[in-house]
Amino acid sequence: MRIDILSAVPRLLDSWFKESILQRAQQKGLAEVVVHDLRDWSTDKHRRLDDYPFGGGAGMVMTIEPIHRAIAELRSQRDYAEVIYLSPDGVQLDQGLANQLSTIGNMILLCGHYKGVDERVREHLITREVSIGDYVLSGGELPAAVLSDAVIRLLPGVLGDETSALSDSFQDGLVAPPDYTRPADYQGWPVPEILLSGHQARIDEWRHQQAVERTRQRRPDLLKRTDRDGDVQDR
Ligand code: ADE
């Protein structure tokens, strides 16, 4: 999978993709993330990307031309399944959407800035809008990094242990159960005995119960969502 990120401030993303799992995914050839400076497609002599809004009002609007030229050039080089605009108005990113995006192939991610983009970008150039939550950030770079991270870690072979992405919180509609490691007793705080018992089936059952109980306490909305799908028998 190749992810091309179009940004007015590409430096913001420099270090993000050069570390840890994301870097390993790229070294293994499983994912490629290319961050582009949108100004490279600006025809303005000052490489500007924004202009005053028609009709007046506060704030600047990103112009369509550099964005159109960037997307057209990338599209002429390879196929892209989606061109995603990161925007607080978009569909909210969740594990289900991350799963879906991890299977589709190449993506272009467009980061907004200032007041946002000329509406014609949204009408004609992008295929969907994604938000990372109901709050407004100063640009789409952090959301693009969040989306890329959530998607890339799901690609087969990216995580050392193939099962670990499947045991992430939310994959089964539940938050994750607690984990413990050595020492078995830290200053009088013991780990639950069941985990030391060696009975894998009972441990799995305990973990499931813990996940259900935690979800009930912390994220009852997730259980309700699952209830609506009719899958309540084993909760
Ligand atoms: N751009 C600014 N705020 C955002 C958000 N919450 N999600 C996605 N893109 C954004």
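What you are looking at is a predicted structure, and each value in this text was computed from that prediction instead of being measured.

### As for unusual backbone geometry
Thought 1: Geometrically, the link from Arg182 to Pro183 is a cis peptide bond, its omega value of 5° lying close to zero.
Thought 2: At Arg47, a residue that is not glycine, the phi angle is positive and equals roughly 60°.
Thought 3: Here Arg47 shows up in the loop between strand E2 (32-37) and strand E3 (50-51).

### Some thoughts on the site of the ligand
Thought 1: Close contacts around the ligand come from Leu86, Ser87, Pro88, Val130, Ser131, Ile132, Gly133, Tyr135, Val136, Leu137, Gly139 and Pro143, and that covers them all.
Thought 2: In this structure, Ile132 approaches the ligand through a main-chain N or O atom, which is 3.0 Å from a nitrogen atom.
Thought 3: Contact distances for the ligand include 2.8 Å between a nitrogen atom and a backbone N or O atom of Tyr135.
Thought 4: Considered on its own, the ligand offers 260 Å² of accessible surface; in the complex 96% of this is hidden by protein.
Thought 5: Breaking the shell around the ligand down by element, the ones donating at least two residues are strand E5 (82-92) and strand E7 (128-131).
Thought 6: Its residues assigned to classes, the shell around the ligand shows 8 nonpolar, 4 polar and no charged.

### Some remarks on the domain arrangement of the protein chain
Thought 1: Segmenting the protein chain into domains produces domain 1 (2-152) and domain 2 (169-229).
Thought 2: Distance from the C-alpha centre of domain 1 to the C-alpha centre of domain 2: 36 Å.

### What about the pattern of salt bridges?
Any two side chains of opposite charge can pair, on the condition that their charged atoms come close.
Thought 1: Scanning all chains against the criterion turns up 13 salt bridges.
Thought 2: Residue Arg47 is joined to Asp37 by a salt bridge in which the shortest nitrogen-to-oxygen separation is 3.6 Å. Of this pair, Arg47 sits in the loop between E2 and E3 while Asp37 sits in strand E2, and the two are 10 residues apart along the sequence.
Thought 3: Of the charged contacts in the structure, one is a salt bridge between Arg122 and Asp89, with a shortest N-O distance of 2.8 Å. Of this pair, Arg122 sits in helix H4 (residues 119-124) while Asp89 is found in strand E5, placing the two residues 33 residues apart along the sequence.
Thought 4: Linked by salt bridges that have partners in common, Asp89, Glu119, Arg122 and Glu129 make up one network.

### Observations concerning the nonpolar core
Thought 1: Ile5, Met107, Leu109, Leu147 and Ile152 are the most contacted members of the largest nonpolar core, which has 28 residues in total.
Thought 2: Contributions of two or more residues to this core are made by strand E1 (2-7), helix H1 (20-27), E5, helix H3 (95-101), strand E6 (107-111) and helix H5 (141-152).
Thought 3: No other element matches H5, which puts 5 residues into this core.
Thought 4: Residues contacting Met107, with those up to four places away along its chain left out, are Met1, Arg2, Ile3, Asp4, Tyr80, Glu82, Ile84, Leu101, Leu147 and Val151.
Thought 5: Core analysis: the next-biggest nonpolar cluster, separate from the first, contains 19 residues, Trp41, Leu49, Ile71 and Leu110 among them.

### Regarding the packing of aromatic side chains
Thought 1: With the rule as written, the count across this model stands at 1 aromatic pair.
Thought 2: Aromatic side chains Tyr186 and Trp189 sit 6.0 Å apart centroid to centroid with 50° between the ring planes, which places their arrangement in the tilted category.
Thought 3: When its relative accessible area of 42% is taken as the criterion, Tyr186 is described as partly exposed.
Thought 4: Among the residues examined, Trp189 registers a relative accessible area of 62% and is labelled exposed.

Parameters and conventions
- Residues numbered from 1 in each chain as written.
- Predicted model: local features only at pLDDT ≥ 70, side-chain atom pairs only at ≥ 80, totals over all residues.
- Heavy atoms only, no water.
- Helix = DSSP H or I, 4+ residues; strand = E, 2+ residues; numbered from the N terminus.
- Near = heavy atom within 4 Å.
- Polar contact = N/O pair within 3.5 Å; in protein donor to acceptor, adjacent residues only side chain to side chain.
- Areas by Shrake-Rupley, 256 points an atom, 1.4 Å probe, with all protein chains shown as cover.
- Nonpolar A, V, L, I, M, F, W, Y, C, P; charged D, E, K, R; others polar.
- Domains from an automatic or database assignment.
- Salt bridge = Lys/Arg side-chain N within 4 Å of Asp/Glu carboxyl O.
- Core = buried A, V, L, I, M, F, W, Y, C linked by side-chain atoms within 4.5 Å.
- Buried < 20%, exposed > 50% of the residue type's maximum accessible area, 1.4 Å probe, protein only.
- Contact = heavy atoms within 4.5 Å.
- Phe/Tyr/Trp six-rings, centres within 6.5 Å; stacked < 30°, edge-to-face > 60°.

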